[in-house]
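Here are the chains, one letter per residue:
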Amino acid sequence: METKDMMLTSMLTMDKGENEGEKGGEGGEGTQQENGRLMLADGVAERGAKSLTSGSGQQVSNGFTTSTPQSPREGPGSAACSEGTASGPGGGAGSSVPPGGLRTLVVQQTSLERPRETWSKKMDFLLSVIGYAVDLGNVWRFPYICYQNGGGAFLLPYLLMAVFGGVPLFYMELALGQFHRNGCISIWKHICPIFKGIGFAICIIALYVAFYYNTIMAWALYYLLSSFRPTLPWTTCSNSWNTVNCNRYMSTDHNVSWSNSSTSPAEEFYTRQVLQVHLSPGLHQLGSVSWQLALCLLFIFIIVYFSIWKGVKTSGKVVWVTATFPYLVLLVLLVRGATLPGAWRGVVFYLKPDWAKLLSTTVWIDAAAQIFFSLGPGFGVLLAFASYNPFHNNCYKDALITSSVNCLTSFLSGFVIFTVLGYMAEMRNQDVATVAKDAGPSLLFIIYAEAIANMPAATFFSIIFFLMIIMLGLDSTFAGLEGVITAVLDEFPHVLVKRREWFVLALVCVCFLGSLSTLTYGGAFVVKLFEEYATGPAVITVVLLEVVAVSWFYGTNRFCNDIHLMLGFYPGCFWRICWVAICPCFLLFIIISFLAFPPEVRLFNYHFPPWTTALGYCIGVSSFICVPVYMVYYLLTAKGTFKQRLLKSITPEPSSEQHRDFIFTNAV
């Protein structure tokens with residue numbers, strides 16, 4: 001934004017009679033002006049630079065107290081200056097000014113820039129944060145990881161990792177964004193300037209996510225459009241894409257024999273009709289772009305553009321639908337799943353605790369990774385959303401509410417998924433473990449889709465289920481792109497603030513073009529590669545540096561003082577210990593586990609060759625490399641000796657927005 005500050009200064013020449021007349025008639029009240037507030041105080045002001053003391057009121061150098069506006073950046077001219085007592089030679093309460101004495105003119109500085117956009121309602125913010133945190137991973141990843149790691153026993157490490165790792169990081173980002181009111185790039189000059197590369201790394205990671213995440217919604221849209229027919233296309237084996245191995249294997253199909261080479265109609269519809277992966281031998285030969293998926297993805301991005309092009313005023317309204325509708329569908333599917341035969345088998349399999357699994361390091365690694373990626377710190381979204389809050393908004397309560405809703409949603413999704421998996425096991429006369437062998441998108445697009453197809457009113461449940469998948473993804477896309485938009489607009493306000501719509505259009509076009517590789521016949525392999533390498537290790541490393549910069553360089557005491565200024569209370573010892581010690585250890589634990597136990601990446605029958613691992617790490621490093629590159633750039637371009645440069649690089653710059661309330665001018 002353009003920042004042009006208008007300072008009102010005046011040289012006043014008055015005789016003693018006029019001074020006393022003002023004092024007696026007005027009681028020392030200041031003069032108001034339309035674009036700001038002035039306070040004329042009688043008395044002889046001391047010359048020299050004097051500063052304000054922060055607090056509920058601000059103490060003027062000559063003894064006058066002034067009230068501050070609700071937010072350092074809200075409503076220029078919104079605070080009135082209260083009357084105080086002048087100090088100085090001959091000063092005192094109600095004392096008159098000697099002839100020729102100095103007078104102090106206290107002027108509120110106002111800005112000619114457009115005020116920062118804010119949420120229309122508090123609920124817009126909460127729904128946006130919940131919509132961002134509750135995404136597709138809550139539906140497909142948490143249930144799978146839960147039963148894989150000991151069922152009900154997994155909830156213990158999950159809750160511990162949430163309390164000591166996830167929620168403190170969530171709270172920290174909301175507080176940082178709300179206090180400094182900047183995106184993930186420009187905020188660093190107020191925290192620790194040398195770490196500004198973190199902001200650029202976050203933006204690149206967000207772009208990588210947009211390249212593959214929206215493709216999953218395009219798949220869901222393809223399923224949604226295919227659901228508007230009496231018989232769902234993934235229920236029969238008589239379609240053009242089916243093979244001789246296709247078998248519709250349910251307990252009612254007595255004439256069908258199932259072998260190891262058999263495939264279900266739902267699996268063939270997903271792999272051969274939607275993805276068409278059989279036309280690509282692997283990542284080395286992706287094949288052509290699927291025009292059906294390209295049109296689906298184009299439609300998704302059109303929805304995204306018109307939801308976020310005007311800012312949080314529009315996206316805050318859209319989330320009233322996209323964030324609440326999935327909960328309605330989850331409740332409908334839960335009730336339907338609970339009434340299916342065999343549902344209890346799935347619930348028992350989901351929650352039956354295996355306490356011996358807690359001795360495995362893998363369980364704790366999965367719990368830490370799940371809570372981290374579920375709450376989503378480090379993507380710049382929480383900083384961006386919180387920056388549009390009122391300054392005194394209770395972000396502490398918001399952090400507790402939204403993180404609790406997110407965790408409970410993951411737990412609820414497990415019941416929705418496993419009641420249906422229990423039904424499938426009952427129909428096939430198999431164990432639940434055999435039915436629930438697929439993870440990730442396959443769990444939704446193959447297993448759950450097949451289960452829905454065998455329910456009564458299959459068309460209705462298919463439509464609402466895939467509509468829910470799309471809306472879960474849209475919320476996260478809105479948030480991820482808004483994090484990038486806010487960061488770039490705050491960093492280059494003079495160029496982009498009045499061209500937001502064009503910048504958003506350019507960003508959406510870049511994301512669409514970047515997604516084309518995921519729309520090819522081998523696009524599912526690209527999605528898997530991005531999912532495993534582009535975001536995981538890079539974003540965790542970025543958040544580790546973020547916590548270190550805030551807790552160790554910016555300082556926990558200073559950060560807690562900022563929170564006290566906003567909320568009126570200091571964070572307790574628990575939060576301080578988490579930010580200083582526990583959260584860095586929590587993140588370091590996840591990073592080491594990634595390096596020590598690299599994931600074995602495979603999809604369907606395709607095992608990713610070794611060169612793809614190198615390619616994946618290059619993609620991950622391409623974002624993180626911004627951090628050390630910017631550090632070198634900053635030290636080379638700063639002025640002064642190396643020691644002065646180093647000191648400047650870790651010294652926060654005072655925010656002009658936070659110290660622009662009043663200016664003091666001595667006048668005769």
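Position numbers for residues count from 1 along each chain, tracking the sequence in the order it is written. At least 70 in pLDDT is required for a residue's local features to be given in this predicted model, at least 80 for side-chain atom pairs to be given and counted, and no such filter applies to totals for whole chains, interfaces and linings, which use all residues. The side-chain numbers reported here are obtained from all heavy atoms of the structure, hydrogens and water having been left aside.

Caption draft 1: Layout of unusual backbone geometry. Here the phi dihedral of Arg181 falls at roughly 55°; this positive angle occurs in a residue that is not glycine. The secondary structure listing takes helices from DSSP runs of H or I that are at least 4 residues long and strands from runs of E that are at least 2 residues long, numbered from the N terminus. Structurally, Arg181 can be placed in the loop between helix H4 (155–180) and helix H5 (197–226). In this model, Gln276 sits at a positive phi of 60°, which is unusual for a non-glycine residue.

Caption draft 2: Representation of the pattern of salt bridges in the model. Throughout this description, the term salt bridge denotes a Lys or Arg side-chain nitrogen within 4 Å of a carboxyl oxygen of Asp or Glu. A complete count under the given rule lists eight salt bridges for this structure. For Glu426, the salt bridge is made with Arg345, and the minimal N-O distance between the two is 3.1 Å. Of this pair, Glu426 sits in helix H13 (residues 395–428) while Arg345 sits in helix H10 (residues 343–351); the two residues are 81 residues apart in sequence, bridging distant segments of the chain. Here Glu426 falls in the partly exposed class, since its relative accessible area comes to 30%. Only protein chains enter the area calculation, which uses a 1.4 Å probe; residues under 20% of their type maximum are buried, those over 50% are exposed, and those in between are partly exposed.

Caption draft 3: Spatial organisation of the state of the cysteines. Pairs of cysteine sulfur atoms within 2.5 Å are what we label disulfides. Evaluated as defined, the whole model comprises one disulfide. Put simply, Cys237 and Cys246 are joined by a disulfide, and their sulfur atoms are 2.0 Å apart. Linking Cys237 and Cys246, the disulfide has an S-S dihedral of approximately -70° and is accordingly described as left-handed. Overall, the relative accessible area of 30% leaves Cys237 in the partly exposed class.

Caption draft 4: Quick look at the packing of aromatic side chains. Here the aromatic set is Phe, Tyr and Trp, taking the six-membered ring for Trp, and pairing holds for ring centres within 6.5 Å; pairs whose planes are under 30 degrees apart are stacked, those over 60 apart are edge-to-face, and all others are tilted. Per the counting criterion, the structure on display carries 58 aromatic pairs. Look at Tyr270 and Phe604: their rings are 6.1 Å apart centre to centre, the planes differ by 70°, and that puts the pair in the edge-to-face class. Of this pair, Tyr270 sits in helix H6 (residues 265–274) while Phe604 sits in the loop between strand S8 (602–603) and strand S9 (606–607), and the two are 334 residues apart along the sequence. Phe604 gets classed as partly exposed once you look at its relative accessible area, which sits at 26%. Ring geometry for Phe411 against Phe415: centres 5.2 Å apart, planes inclined by 90°, an arrangement best described as edge-to-face. Of this pair, Phe411 and Phe415 both sit in helix H13, four residues apart, which is roughly one turn of that helix. Judged by relative accessible area, which is 28%, Phe411 ranks as partly exposed. Relative accessible area serves as the criterion here: at 18%, Phe415 is assigned to the buried category. Taken together, the ring pairs in this structure connect Trp219, Tyr222, Tyr223, Trp234, Trp241, Phe269, Tyr270, Phe445, Tyr448, Phe465, Phe466 and Phe604 into an aromatic cluster.

Caption draft 5: Representation of the UniProt feature "binding site: Na(+)" (unreviewed entry) in the protein within the structure. In this structure's numbering, the residues bearing the UniProt feature "binding site: Na(+)" (unreviewed entry) are Gly131, Ala133, Val134, Asn138, Ser374, Asn406, Leu472, Asp475 and Ser476. With the annotated positions falling across 346 residues, the maximum pairwise C-alpha distance of 13.4 Å places them together in a single cluster. Classification of Val134 by relative accessible area gives buried; the value is 6%. In this description, contact between two residues means that some pair of their heavy atoms is separated by no more than 4.5 Å. For Val134, the residues in contact, after removing those within four places along its chain, are Tyr327, Asn406, Thr409, Leu472 and Ser476. Here Ser476 lies in helix H16 (residues 458–491). Those residues in contact with Ser476, other than ones at most four positions away along the chain, are Gly131, Tyr132, Val134, Asp135 and Tyr213. UniProt positions are given in the numbering used here, feature names are shortened, and annotations may be inferred rather than shown by experiment.

Caption draft 6: Fine view of helix H3 (residues 136–148). In this analysis, the expected span of each helix is defined as 1.5 Å times one less than the number of residues it contains. With 13 residues, H3 should reach 18 Å at 1.5 Å per residue; the first-to-last C-alpha distance of 18 Å fits that figure. Given a residue, its bend is the angle between the two axes fitted to the seven residues that end at it and to the seven that start from it. Bending of H3 peaks at approximately 30° at the position of Phe142, with proline Pro143 no more than four residues after it. Counting buried residues along H3, 11 of its 13 residues qualify, which places the element largely inside the surrounding structure. By the burial criterion, the buried members of H3 are Leu136, Gly137, Asn138, Val139, Trp140, Phe142, Pro143, Tyr144, Ile145, Cys146 and Tyr147. Note on H3: the residue one or two positions beyond its end, Gly150, has a positive phi of about 105°.

Caption draft 7: Representation of H4 within the structure. Between the first and last C-alpha of H4 there are 36 Å, a value that for 26 residues agrees with the 38 Å anticipated at 1.5 Å per step. At Ala162, H4 shows its maximal bend, which comes to roughly 45°. Positioned one or two residues after H4, Arg181 has a phi angle of 55°, which is positive.

Caption draft 8: Examining the packing of H4 against helix H21 (residues 573–596) more closely. Inter-axis angles, ranging from 0 to 180 degrees, are taken between N-to-C directions of lines fitted to C-alpha atoms, where helices are fitted over the stretch in contact. Between H4 and H21, whose axes approach to 9 Å, the crossing angle comes to 110°. One element, H4, and the other, H21, form an angle in the roughly perpendicular class. Along the contact surface, H4 presents Met161, Val163, Phe164, Gly165, Gly166, Val167, Pro168, Leu169, Tyr171 and Met172, while H21 presents Phe574, Trp575, Cys578, Trp579, Ile582, Cys583, Phe586, Leu587 and Phe589. Of the residues belonging to the contact of H4 with H21, the class tally is 17 nonpolar, two polar and no charged. Angles are sorted into four bins: roughly parallel if under 35 degrees, roughly antiparallel if over 145, roughly perpendicular if 65 to 115, and oblique for all others. Only Asp, Glu, Lys and Arg are considered charged in this grouping, and only Ala, Val, Leu, Ile, Met, Phe, Trp, Tyr, Cys and Pro are considered nonpolar; every other residue, Gly among them, is considered polar.

Caption draft 9: Quick peek at a nonpolar patch on the surface. A grouping of Leu156, Leu160, Val163, Phe164, Trp355 and Phe574 is seen on the molecular surface, where their side chains present a nonpolar patch of about 530 Å² in accessible area. For Leu156, the position within the fold is in helix H4. Distance thresholds for patches are 9 Å for like charges and 5 Å for nonpolar side chains (Val, Leu, Ile, Met, Phe, Trp, Tyr), applied to residues having over 30% relative accessible area and no salt bridge. In short, Shrake-Rupley with a 1.4 Å probe defines the accessible areas, and a residue's cover is counted only from the protein chains shown.

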